[in-house]
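Survey of secondary and tertiary structure
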Amino acid sequence: MSERTTTSSEPQDWEPKVLAFLCNWCSYAGADLAGTSRMQYPPNVRIIRVPCSGRVNPIFIVEALRQGADGVLVSGCHPGDCHYLSGNYYARRRFALLQRYLEYLGVEKGRVQFSWVSASEGARFAEVVTKVVSDVKALGPSRRLNINAMPVPAVEVADGRPA
Amino acid sequence: MTLPSAVREQIIEWLKNGEIEVFIGWEAGPVPLQATPVFVRTPEEVDRLIWDPTCENNLVAFLPRYRGKKVGIMVKGCDSRAIIGLLAEAQFPRENLRIVGVSCPGVVDPKVVAEQLGVPVEDLEDASVRDGQVLVGDQGVPLEASCYALCRACDRHNPIIADVQANEEINSEPVDDPLGPVREMEALSDDECWARFAEEVSRCNLCFACRNACPLCYCNVCFVDRTQPRWFNQTTRLEDRQFYQLMRTFHLAGRCVGCGACTRACPQGVNIRLFLDKLRADVQELFAYEAGVDPEAKPPLRTYRQDDYNGFIL
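Structure report, in brief. Computed from a predicted structure; not experimentally measured.

To continue, consider empty space enclosed by the protein. A probe matching the size of a water molecule, rolled over the atoms, marks out where space remains unfilled. All names here are of chain B. According to the stated counting rule, one finds five cavities of 30 Å³ or more in the structure shown. Its boundaries defined by the atoms lining it, the largest cavity holds a volume of some 80 Å³. Along the walls of the largest cavity sit Cys214, Pro215, Leu216, Leu252, Cys256, Val257, Gly258, Cys259, Gly260, Ala261, Cys262 and Leu276, which together make up its complete lining. When the residues that make up the lining of the largest cavity are grouped by side-chain class, the tally is ten nonpolar, two polar and no charged. Space inside the second largest cavity adds up to approximately 60 Å³. Taken together, Cys204, Asn205, Leu206, Cys207, Phe208, Ala209, Cys210, Gln245, Cys266, Pro267, Val270 and Ile272 make up the full set of residues lining the second largest cavity.

Take a look at the structure:
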């Protein structure tokens, strides 16, 4: 996450960076299966393993966008399969609200996506990553919330209001 | 104006028999048209308490600091919902609380009054509220025309939890549609939404008055004050302000009772309710939950249903 995206003019061969939070018990194992089964999926995804999708604080997702991720994927166990029984149910409520809220504030639909991938669904994982990467590619580089893409604000005038 | 004698006697009785150690109310303050919070600990001080439409502060914001104490408090309709919010989150035991409720026609915004009279807000002297009029010198402004904008969309004039009711109930319909601004913003395109968000938040100067005024912002360490990890840098950059407003409002998802204390406290006039109302509308739509109504209901993000909305999952 310390990598910085280039800001002003994007080169022709721009490739999106997608950050994926995968739960240890299902989606991470699903990604592993996709790898060991030699399935092809776009290399744009950077994976962070978390104990459970319920561990993913919404601030992680927003911070990823701030630090220059072009897209964020959060993936956990299917409902009913959570290793901790209910972590993904709680996560689902938070994410449903977060996704709508980000859209409301103008973050493009498709930047932040959620999926359920089980440990046996290597092919499904490849499919999800392919879709997320192609969605993000279509949207172009992320500029909203991205601290490296924002213009420096105008100097404030004396009464404290922005000029 | 001072409280009705029956209410004063009740508060004195509570203080005398030890049911409460402190009573939090409002008293006339040094700034015109703005009452100031007062903490009454002895029966002699009870006469300082007032109620009129200049009592803007949501006193429930003080409650989390009085955990373990017995507290009496005065609440308007909107404030009473914040008490229910705290009860629902088990932040304060009901048996340690004595509540005096007042029905509120809407509280006075000195900036609006000054605008109506065409003078700087600092020049409002000898201002008072009487008989539905805000009087400044020899000029008067009707109370309805001098309220905060969000009070015009108020559908919660009457307290929904109180031990004593201090005045008559008010039954008036909201003048403005409470969800009007949210529906307007929802209809915008991504680019327009983003511009609207940036425009609103560009006025924010990160004073954290909204957080300090919020009765539900009781985290011991707020994420903006955290240093391990440090999420937030207090700079003048727009994206830091956006980050603060986004994360603070989202932390109130399913918890915001819509009292409007943040929006009234904002010295820069940022319409924070524009964002919080969206979250409240979504919580209502997705989880059929309204914060600040039922102290027994489980807050929506602390529970789940197996058949919750799953349509957004890939």
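There is more to say, and it comes next.
Right, let's get into the pairing of strand β1 (residues 22-27) of chain B. All names here are of chain B. Within β1, six of the six residues are buried, which leaves the element mostly enclosed by the surrounding structure. Side-chain alternation along β1 places Val22, Ile24 and Trp26 on one buried face and Phe23, Gly25 and Glu27 on a second face that is also buried. Where β1 and strand β3 (residues 71-75) come together, three bridges link them in parallel fashion. By the bridge assignment for β3, Val22 is matched with Val71. Sheet analysis places β1 next to strand β2 (residues 36-40), joined by five bridges and oriented antiparallel. Bridge pairing links Trp26 to Pro37 in β2.

Residues and elements named next belong to chain B. Its volume calculated, the largest pocket comes out at about 1,200 Å³. If you trace the largest pocket, you find 50 residues lining it, with Asp109, Tyr148, Thr263, Arg264 and Gly269 closest to the centre. Mapped by element, the contributors of at least two residues to the lining of the largest pocket are α3 (110-117), α4 (149-152), α5 (180-186), α6 (190-201), α7 (209-213), α9 (261-265) and α10 (273-287). Looking at the lining of the largest pocket, its residues break down into 25 nonpolar, eight polar and 17 charged. Roughly 650 Å³ of volume is contained in the second largest pocket.

Moving on, we get to the state of the cysteines. Under the definition given, this model contains one disulfide over all chains. Through a disulfide, Cys26 of chain A is tied to Cys77 of chain A; the S-S separation comes to 2.3 Å. Between Cys26 of chain A and Cys77 of chain A, the S-S torsion sits near 95°, and that sign places the bridge as right-handed. Placement of Cys26 of chain A in the loop between β1 (18-23) and α1 (27-36) and of Cys77 of chain A in the loop between β3 (71-76) and α3 (87-104) is noted, with a sequence separation of 51 residues between them. The class for Cys26 of chain A is buried, based on a relative accessible area of 8%. Overall, Cys77 of chain A belongs to the buried group, its relative accessible area being 3%. Cys193 of chain B carries a free sulfur, and the closest cysteine sulfur to it, the one in Cys204 of chain B, is 19 Å from it. Cys204 of chain B provides the cysteine sulfur closest to Cys210 of chain B, a residue in no disulfide bond, and the two sulfurs are 6.3 Å apart.

Ile11, Ile73 and Ile83 of chain B are the most contacted members of the largest nonpolar core, which has 119 residues in total. With eight residues, α3 of chain A is the single largest residue contributor to this core. Residue contributions to this core reach at least three from each of two domains, namely domain 1 (1-105 + 156-173) and domain 3 (176-314) of chain B. The residues touching Ile11 of chain B, leaving out its near neighbours within four places in the chain, are Leu3, Ile20, Phe23, Val46, Leu49 and Val100 of chain B.

Analysis parameters
Residues numbered from 1 in each chain as written. Chains lettered and ligands numbered in written order. Predicted model: local features only at pLDDT ≥ 70, side-chain atom pairs only at ≥ 80, totals over all residues. Heavy atoms only, no water. 1 Å grid on protein atoms, 1.4 Å probe; cavity = no way out; pocket = protein on both sides within 12 Å on 5 of 7 lines; lining within 4 Å. Points joined across faces, edges and corners; volume = space filled by probe spheres on them. Nonpolar A, V, L, I, M, F, W, Y, C, P; charged D, E, K, R; others polar. Buried < 20%, exposed > 50% of the residue type's maximum accessible area, 1.4 Å probe, protein only. Helix = DSSP H or I, 4+ residues; strand = E, 2+ residues; numbered from the N terminus. Pairing = 2+ DSSP bridges. Disulfide = S-S within 2.5 Å. Core = buried A, V, L, I, M, F, W, Y, C linked by side-chain atoms within 4.5 Å. Domains from an automatic or database assignment. Contact = heavy atoms within 4.5 Å.

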